[in-house]
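Tertiary structure, described
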Amino acid sequence: MLKYIRYDLKLIGDLIEPNSKVLDLGCGDGTLLEYLKKIKNVIPYGVEIEIKNIEKCITKGVPVFQSDIDEGLTDFQDNSFDYVILSQTLQVTKKPYKVLSEMLRVGKKCIISFPNFGYAPIRFYLLLKGKMPKLKFLPYEWYDTPNIHHLTIKDFYKFCNDHNIKIIKKIFLSYFKDKHIKIKLFPNFLAQYGLFVISKHATL
Amino acid sequence: MKKIKKEKSVGIVKTEYYTFAYPPNELILESGEKLGPITLAYETYGRLNKDKSNAILILHALSGDAHAAGYHSLNDRKPGWWDIMIGPQKAFDTNKYFIICSNVIGGCKGSTGPNSINPKTGKPYGLSFPVITIKDMVNAQKHLIDYLGIKRLLSLAGGSMGGMQVLQWTVSYPDMCYSAIPIATAPYLSAQAIAFNEVGRQAILADPNWKNGNYYNTNKIPSKGLAIARMIGHITYLSEESMHKKFGRRLQDKDKYSYKFLTEFQVESYLHHQGDSFVKRFDANSYLYITKAMDYFDISAGYKSLVDAFKNVKAKFLVISFSSDWLFPPSQSKEIANALRKNLKDVSYVEIKSSYGHDAFLLESKQLTILIKKFLNRISKEVMGKNA
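The rules we used
- All residue numbers refer to positions counted from 1 along the written sequence of the respective chain.
- Starting at A for chains and at 1 for ligands, labels are handed out in the order in which the entities are written.
- The model is predicted, so local features are restricted to residues of pLDDT at least 70 and side-chain atom pairs to those at 80 or more, both for listing and for counting; the totals for chains, interfaces and linings are taken over all residues.
- Strands here are runs of E lasting at least two residues and helices are runs of H or I lasting at least four, both read from the DSSP assignment and numbered beginning at the N terminus.
- The size measure is the radius of gyration over C-alpha atoms, and the globule rule it meets is 2.2 Å times the number of residues to the 0.38 power.
- We call two residues in contact when their backbone-placed C-beta atoms lie within 7 Å.
- Note on scores: pLDDT gives the predictor's confidence for each residue, bounded by 0 and 100.
- With C-beta atoms placed from the backbone, a residue counts as buried when 20 or more other C-beta atoms lie within 10 Å of its own, as exposed when 12 or fewer do, and as partly exposed for counts between those limits.
- Directions are taken from the helix axis to each C-beta atom, and the arc is the one they span.
- Paired strands, in this sense, are two strands between which DSSP finds at least two bridges.
- Domain start and end points were adopted from an automatic or database domain assignment.
- The classification used treats Ala, Val, Leu, Ile, Met, Phe, Trp, Tyr, Cys and Pro as nonpolar, Asp, Glu, Lys and Arg as charged, and all other residues, Gly among them, as polar.
- By definition, a nonpolar core groups buried Ala, Val, Leu, Ile, Met, Phe, Trp, Tyr and Cys residues that are joined through C-beta atoms within 7 Å.
- Here an axis means a line fitted to C-alpha atoms, over the contact stretch when the element is a helix, while the angle between two N-to-C directions is reported on a 0 to 180 degree scale.
- What sets the label is the angle itself: under 35 degrees gives roughly parallel, over 145 gives roughly antiparallel, 65 to 115 gives roughly perpendicular, and the rest give oblique.
- The crossing is said to be left-handed when, going from far helix to near helix, the turn is anticlockwise and less than a right angle, and right-handed when the turn is clockwise.

**A closer look at the overall build of chain A**
Across its full length, chain A carries 7 helices and 8 strands. For 204 residues, the compact-globule estimate of 2.2 N^0.38 gives 17 Å, and the C-alpha radius of gyration of chain A, at 17 Å, lies within 12% of that figure. In terms of its C-alpha atoms, chain A occupies a principal-axis envelope of roughly 50 × 45 × 30 Å. For chain A, the proportion of contacts with a sequence separation of at least 24, taken over those separated by at least 6, is 61%.

Structure representation (structure tokens):
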């Protein structure tokens, strides 16, 4: 059943406490939640907008709510989930700030992963070719990319700092020759992806 | 005469009847009054499996009846009211599931209602029929399900008032509902919907032929009032967009205004046709009783909140709404789904894009079929194992 789990999904799985309540925003076909339900016995809920994905969630038995996360999470109460996950979705939202603040309101902890636009080959691509970067891990033309809010790992640090958001854990990844490698040095230069666990700072 | 394609239809079916609640064991109604004996009209399609685990109860809306699928005879012009959804290979696949559709009490389609004979007087009940609620309808259906020997329903499904019964079933008899599919429904009837019901009722009450409900032995029925009630109802079942698409401002059989108060626009003609044909198949008193039951419906009544009402339900839910439905708007279906989620129940919520308004649950079969099929597939695998 769980044939192949994308590596970052497995990493997210490792970060989650058993039996917790998990909300996955933009849950797609429900692969992550199905996996978390199986290995961590979580209580899963997904939010998804695409009907074809929702059909797949229903087949898998993953509870899913059809909703647009850009509209906010008004149906969800404060601190009602142990984890709110946004996996590879931040860069496609129309209002990333609104989505992040809503996540922090609803979740005790939030897990976010996104492609790092500061990754060296992207920088060189733009510098040398003078065109919008098109690489294996960002394979879109500028005119039909779903990614409308590119950011770098450094940008995310600054965002958290500016908005009083606590970074609990960070993991940096690159994918080389069919293998995922954890990046320890110069992540903003060498990592393709950033994965963060964040929470709101306790109000003083 | 027509040929019925076997692979697409349940074929020729027959309405059956079950009578219970003989005095002194009458059904105690929510109002405190007693009703009995009670007859329920019902139909079944497909086969009940050996361990009776493949039964699905279909619940109908305001003007529906037990005849949900197939034909009563080869001369029937139309099949049952949800034939697009029930049959071989359809959403409610009769090759796999045993489908039951029960008429409601208070109705006029073979179940005990105001036009039934009161055994105490030998005359039709008329207004002496007690006021019934959605809960009473469900309590009566529980007797039928017990009689059929089914301990737990694999699923329950229904739209509009049928969805209200689905919700009531899961709250009243949590152990008997493995899963539930409330469609285009609400946890309580909205003020706007009560308002439309009341206008419909007043049209009936204002008809001189209504005679305080005692028209059964006269040769005149309150057809004008009932037709107007149905016309109002039909406006609420459509959407602005669907009306515009279907009729626009087109005139019926002419291209000039007559400057007289005649039926001129196609939309007028449509409503008159709906009203007139409804009068032939429905009883005015039943319309009063059933709309009243809908008005009274509030699944959270007697509980602290809607969340509290769903605390003990066990069913797994698929809640479905339609984007252009303004009578039972998506926001009300979302309320149901959110209250269930707050109880950490297994619930999914889908809003199907449609321009058909409230009527969509009877018409919009493609997306609805896919969702229900996938949901039931998964549910039946859980209950009956991989061989389902």
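Still more ground to cover, so stick around.
**Looking at the overall build of chain B**
Tallying secondary structure elements over chain B gives 11 helices and 14 strands in all. Taking 21 Å as the expected radius of gyration for a compact globule of 388 residues, we find that chain B reaches 21 Å, a close match to that expectation. Projecting the C-alpha coordinates of chain B onto the three principal axes gives extents of approximately 65 × 50 × 50 Å. Across chain B, every contact between residues at least 6 apart in sequence was considered, and the portion connecting residues at least 24 apart equals 71%.

**Here's the deal with the interface of chain A and chain B**
The interface is formed by 13 residues belonging to chain A together with 17 residues belonging to chain B. Considering each element in turn, the side of chain A that touches chain B owes the most residues, 5 residues, to helix α3 (residues 51–60) of chain A.

**Looking at the confidence of the model for chain B**
When pLDDT is averaged across chain B, the result is 96; 98% of the residues are at 70 or more. The ipTM, which scores confidence in the relative placement of chains, is 0.92 for this predicted complex, and the corresponding pTM is 0.95.

**Considerations on helix α11 (residues 365–384) of chain B**
Taken together, the buried positions of α11 of chain B are Leu-368, Leu-371, Ile-372, Phe-375, Leu-376, Ile-379 and Ser-380 of chain B. Taken end-on, α11 of chain B shows its buried residues confined to a sector of 155°, consistent with a single buried face. Looking at the buried positions of α11 of chain B, the neighbouring elements they touch are α3 of chain A together with β11 (155–159), β12 (179–183), β13 (316–322) and β14 (347–352) of chain B. Of the residues one or two after α11 of chain B, Gly-385 of chain B is the one with positive phi, at around 80°.

**Some thoughts on the pairing of strand β4 (residues 81–87) of chain A**
All names here are of chain A. For β4, a buried count of 6 out of 7 residues is recorded, marking the element as mostly surrounded by other parts of the structure. Summarising the sheet, strand β1 (residues 21–25) and β4 pair through 4 bridges and their orientation is parallel. Opposite Val-22, over in β4, you have Tyr-83 as the bridge partner. Taken together, the 6 bridges between β4 and strand β5 (residues 107–115) define a ladder with parallel strand orientation.

**Things to note about the domain arrangement of chain B**
All names here are of chain B. In terms of domain boundaries, chain B breaks down into domain 1 (16–188 + 299–384) and domain 2 (195–291). Of note, the centres of domain 1 and domain 2, computed from C-alpha atoms alone, are 26 Å apart. Facing the 23 residues of domain 1 at the interface are 18 residues of domain 2. Among the residues forming the side of domain 1 that touches domain 2, the class breakdown is 12 nonpolar, 10 polar and 1 charged.

**Considering the nonpolar core**
Residues and elements named next belong to chain B. Core analysis: the biggest nonpolar cluster contains 166 residues, and Ile-56, Ile-58, Ile-86, Ile-99 and Leu-156 have the highest contact counts within it. Broken down by element, the residue count for this core peaks at 7 residues, all from helix α7 (residues 284–296). Of the residues that make up this core, three or more belong to each of domain 1 (16–188 + 299–384) and domain 2 (195–291).

**Points about unusual backbone geometry**
Residues and elements named next belong to chain B. Cis geometry marks the peptide bond from Pro-23 to Pro-24, where omega comes out at 10°. For Pro-24, the location among the structural elements is in the loop between β1 (16–20) and β2 (27–28). Residue Gly-36 is joined to Pro-37 through a cis peptide bond whose omega torsion reads -5°. Note on placement: Pro-37 falls in the loop between β3 (34–35) and β4 (38–45). With a phi close to 55°, Asp-253 is a non-glycine residue in the positive phi region.

**Here's the deal with the environment of Phe-81 of chain A**
Residues and elements named next belong to chain A. Examined against the element boundaries, Phe-81 turns out to sit in strand β4. Judged by the 23 C-beta atoms lying within 10 Å of it, Phe-81 falls in the buried class. Residues Phe-81 and Gly-107 lie 26 residues apart in sequence; the distance between their C-alpha atoms is 4.8 Å. Residues in contact with Phe-81, not counting those within four places in the same chain, are Lys-21, Val-22, Leu-23, Val-106 and Gly-107.

**Side note on the pairing of β4 of chain B**
All names here are of chain B. The buried fraction of β4 amounts to 7 of the 8 residues, a majority that puts the element mostly inside the structure. Pairing between β1 and β4: 5 bridges, direction antiparallel. The residue of β4 that forms the bridge with Tyr-18 is Leu-40. Sheet topology places β4 next to strand β8 (residues 98–102); 4 bridges connect them, and they run antiparallel. Across the sheet, the residue bridging to Glu-43 is Cys-101, located in β8.

**Some words on the environment of Phe-186 of chain A**
All names here are of chain A. Note on placement: Phe-186 falls in the loop between β7 (179–182) and α7 (187–190). Owing to 12 C-beta atoms within 10 Å, Phe-186 belongs among the exposed residues under this scheme. C-alpha separation for the pair Phe-186 and Tyr-7, spaced 179 residues apart in sequence, amounts to 21 Å.

**Focus on the packing of α3 of chain A against α11 of chain B**
Packing of α3 of chain A against α11 of chain B leaves a shortest axis separation of 7 Å and a crossing angle of 20°. Judged by the angle between their axes, α3 of chain A and α11 of chain B are roughly parallel. Considering only the axes of α3 of chain A and α11 of chain B, their crossing is right-handed. Touching Glu-55, Ile-58 and Thr-59 of chain A of α3 of chain A are Ile-370, Leu-371, Lys-374, Phe-375 and Arg-378 of chain B, all from α11 of chain B. Tallied by class, residues from the contact of α3 of chain A with α11 of chain B come to 4 nonpolar, 1 polar and 3 charged.

**Considerations on the packing of helix α1 (residues 134–147) of chain B against helix α2 (residues 161–172) of chain B**
Residue and element names in this part refer to chain B. Packing of α1 against α2 brings their axes to within 9 Å, and their N-to-C directions diverge by 65°. Here α1 is positioned roughly perpendicular relative to α2, judged by the angle of their axes. In the packing of α1 onto α2, the handedness of the crossing is right-handed. Side by side, α1 and α2 meet where Ile-134, Lys-135, Met-137 and Val-138 of the first sit next to Met-164, Gln-165, Gln-168, Trp-169 and Ser-172 of the second. Residue composition of the contact of α1 with α2, by class: 5 nonpolar, 3 polar and 1 charged.

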